[in-house]
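Remarks on the overall topology
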Amino acid sequence: MNGIVMNNCETYIKCRLCREGNLKPCLRLRHSARNISRLLRHNELQSDMPIDLYVYECQECGFVQLAQMLEPSFYDDYLMTSSHSAQMKTFQQAQASEFVRCFALSGKRVIEVGCGDGNYLDYLRQAGANVAGIEASSRFQELSRKRGFTVFSGYVGRESVIPESPWDGFVIRQVLEHVPDPNGFLQGIRASLGSGAVGLVEVPSLEQSLDNGRFYDFFADHVNYFSARTLRYALERNGFEVIDVSREMGGEYNVVLVRIAQCSELTGLQRIVDTLTEEIGDFIESYRRIGKRVAIWGAGGKGVTALAVANVQGVAYVVDSDPYKQGLFTPVSHLPIGAPKMLAEDPVEAVVITALAYRDEIITQLRKSIGFTGQVAVLGHHLQII
Ligand SMILES: [Zn+2]
């Protein structure tokens, strides 16, 4: 195994992040190492061949990436020992403790994705979090378990969520730059979280490499290079809300704090579909049962949609002041549409207003011009009886 999957650079045209884009090769590093994490034994020197490394920038989203990818199994027995520097230890301890304190994660379930040897899990545990890790490398799993941590084995992806979900918090440190499908990876994490979950994401800073002319920061093991902007974009694109972005460790790292983005109000709307449908149905049925009838005012988009989705049965007819709609029928519910004067000619006992923008005007017209004395209801979160 040489550790590299070579893509044909000529045909590598789609951005790994935005899936669009026009990738422009911006840097070529001849005689690069096939990977930097596996140092060689003497008997491997003969077969070791350099590669040309191409670094691309997406013209659409600005994401910097390699065309080459490591073999999917590359990390199965990966081992990079964690730094023993005092400065790093102080930084990580403070970061873990601040993360737990800031988001009140003490006693909460926090997962570190790519937990390595469990070094950082220790700091999270010291800060009070109830931690576990997930790790692809069997050698790392063993080291983490020796420290007494629960460690799940495997990779996280769109189809593979983290076991024992949902989690209250997550940490991904120095991992995202290795991941061949960052969207799938982030979506897998998001699917493993409970509502309100928070996370800490740390990657090497692309800004630091560029500002300091560090071409040697580009190597095969890192297929992704995140600036603060593209890291934010990647997270927001996959369902996270970015709370804070900072440069840490003398500018070496981009660190982002996120929370799971709240579902839009659309989830709430789904509940309203059910309740309002039931209420409209009950309203019409309550009249029908005693031999009375209900009409609808409004054959515009709202009226047509409400009648269709609510699968309304037993409505007498629809009225609309637009002469171009009169004489026609509503789609799906197939109700005849007439002029408002129909309410005087063929009286009903109740009217439901769906033309909400004209609600007050319609009520006035009903009561004053038409002399309607029956019940009037209007669509809202619930069916409102006026
Ligand atoms: Zn892109």
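The structure we're discussing is the one just above.
Reference entry: report on the structure contained in this document. Position numbers for residues count from 1 along each chain, tracking the sequence in the order it is written. Only residues with pLDDT of at least 70 get local features here, since the model is predicted, and only at 80 or more are side-chain atom pairs given and counted; chain-wide, interface and lining totals rely on the full set of residues. As a convention, hydrogens and water are excluded, and side-chain values are obtained from all of the structure's heavy atoms.

Here the focus is the pattern of salt bridges. Salt-bridge detection follows one rule: a side-chain nitrogen of Lys or Arg within 4 Å of a carboxyl oxygen of Asp or Glu. Summed over the entire model, instances satisfying the criterion amount to 18 salt bridges. One salt bridge connects R288 with E285, and the closest N-O pair in it is separated by 2.9 Å. Here R288 pairs with E285, and both are found in helix α7 (residues 266-288), just three residues apart, close to one helical turn. Take E285: its relative accessible area is 28%, and that puts it in the partly exposed class. Between K325 and D322 there is a salt bridge, with its nearest N and O atoms 4.0 Å apart. Strands are runs of DSSP state E lasting at least 2 residues, helices are runs of H or I lasting at least 4, and numbering of each runs from the N terminus. Using a 1.4 Å probe on the protein chains alone, a residue whose accessible area is under 20% of its type maximum counts as buried, one over 50% counts as exposed, and one in between counts as partly exposed.

This brings us to the sheet that holds strand β15 (residues 350-353). By this definition, two strands are paired if DSSP reports at least two bridges between them. Read across the sheet, six strands follow the order β14-β13-β12-β15-β16-β17 without closing on themselves; strand pairing throughout is mixed. In this open sheet, the two strands that pair with only one neighbour each are β14 (337-338) and β17 (384-385). Both strand β12 (residues 294-297) and strand β13 (residues 318-319) contribute to a ladder of two bridges, which runs parallel. What sits directly across from I296, in β13, is V318.

Moving on, we get to the sheet that holds strand β11 (residues 253-260). Hydrogen bonds between backbone atoms are what pair the strands of a sheet, whose relative direction is either parallel or antiparallel. Spatial ordering of the open sheet is given by β6-β5-β4-β7-β8-β11-β10, a layout of seven strands whose pairing is mixed. A strand with exactly one partner marks an edge of an open sheet, and here the two such strands are β6 (151-153) and β10 (240-248). The sheet shows a mean angle of 20 degrees between the axes of neighbouring strands, taken without regard to direction. As defined by bridge partners, strand β4 (residues 109-113) adjoins strand β7 (residues 167-173) across three bridges and the pair is classed as parallel. Across the sheet, the residue bridging to I111 is F170, located in β7. Contacts: residue pairs with any heavy atoms within 4.5 Å of one another. Orientation is described by axes fitted as lines to C-alpha atoms, over the contacting stretch for helices, and by angles from 0 to 180 degrees between their N-to-C directions. In the packing of helix α3 (residues 138-146) onto the sheet, contacts are made with β5 (130-135) and β6, and the angle to β6 comes to roughly 165 degrees. In the packing of helix α4 (residues 182-190) onto the sheet, contacts are made with β4, β7, β8 (193-204), β10 and β11, and the angle to β7 comes to roughly 155 degrees.

Put simply, the grid is 1 Å and covers the protein atoms alone, a cavity is a trapped set of points that fit a 1.4 Å probe, a pocket is an open set with protein on both sides within 12 Å along at least five of seven lines, and lining residues have an atom within 4 Å of a point. Grid points are joined across faces, edges and corners, and a volume is the space filled by probe spheres set on the points. Overall, the coordinates contain one cavity of 30 Å³ or more when judged by the stated rule. In this structure, the largest cavity encloses a volume near 40 Å³. I280, I296, A306, L307, V312, V352, T354 and L379 are the residues that line the largest cavity. Amino acid classes used here: Ala, Val, Leu, Ile, Met, Phe, Trp, Tyr, Cys and Pro are nonpolar; Asp, Glu, Lys and Arg are charged; the rest, including Gly, are polar. Considered class by class, the residues forming the lining of the largest cavity number seven nonpolar, one polar and no charged.

So, about helix α6 (residues 228-237). Within α6, burial applies to T230, L231, A234 and L235. The buried residues of α6 occupy an angular sector of 135 degrees when the element is viewed end-on, so they sit on one face. Contacts made by the buried residues of α6 are with α4, β8, β9 (224-225), β10 and β11. What the arc covers is the set of directions going from the helix axis to the C-beta atoms.

Let us now look at the nonpolar core. Judged by nonpolar contacts, the single largest core of 38 residues is most densely connected at F170, F185, I189 and L235. A per-element tally of this core places β8 first, with four residues. Apart from residues no more than four positions distant in its own chain, F170 is found in contact with F99, V110, I111, I189, L193, V198, G199, L200, V201, F240 and V258. Ranked by size, the runner-up nonpolar core spans 24 residues in total, among them M88, Y120, L124 and F149. Definition of nonpolar core: a set of buried residues of the types Ala, Val, Leu, Ile, Met, Phe, Trp, Tyr and Cys, connected through side-chain atoms within 4.5 Å.

Bringing the packing of helix α1 (residues 86-102) against helix α2 (residues 119-126) into the picture now. In contact at an axis separation of 8 Å, α1 and α2 are set at 45 degrees when each is read in the N-to-C sense. Judged by the inter-axis angle, α1 sits oblique to α2. In this structure, the crossing between α1 and α2 has a hand that is right-handed. In this structure, α1 uses K89, Q92, Q93, Q95, A96, F99 and V100 to contact α2, whose residues at the interface are N119, Y120, Y123, L124 and Q126. For the contact of α1 with α2, a count of residues per class yields six nonpolar, five polar and one charged. Between 65 and 115 degrees an angle is taken as roughly perpendicular, under 35 as roughly parallel, over 145 as roughly antiparallel, and anywhere else as oblique. The sense of a crossing depends on the near helix, which, turned anticlockwise from the far helix by less than a right angle, makes the crossing left-handed and, turned clockwise, makes it right-handed.

This next bit is on the coordination of the zinc ion. The coordination sphere of the zinc ion, as far as protein atoms go, consists of C15 (SG), C18 (SG), C58 (SG) and C61 (SG), spread over 2.3 to 2.4 Å. The rule for donors is simple: an N, O or S atom within 2.8 Å of the metal counts, and for Na, K and Ca the reach is 3.2 Å. Water is not among the atoms, so a site may look short of donors. Here the donor residues of the zinc ion share one chain and are spaced in sequence as C-x2-C-x39-C-x2-C. Overall, the relative accessible area of 2% leaves C58 in the buried class. Overall, the relative accessible area of 7% leaves C61 in the buried class.

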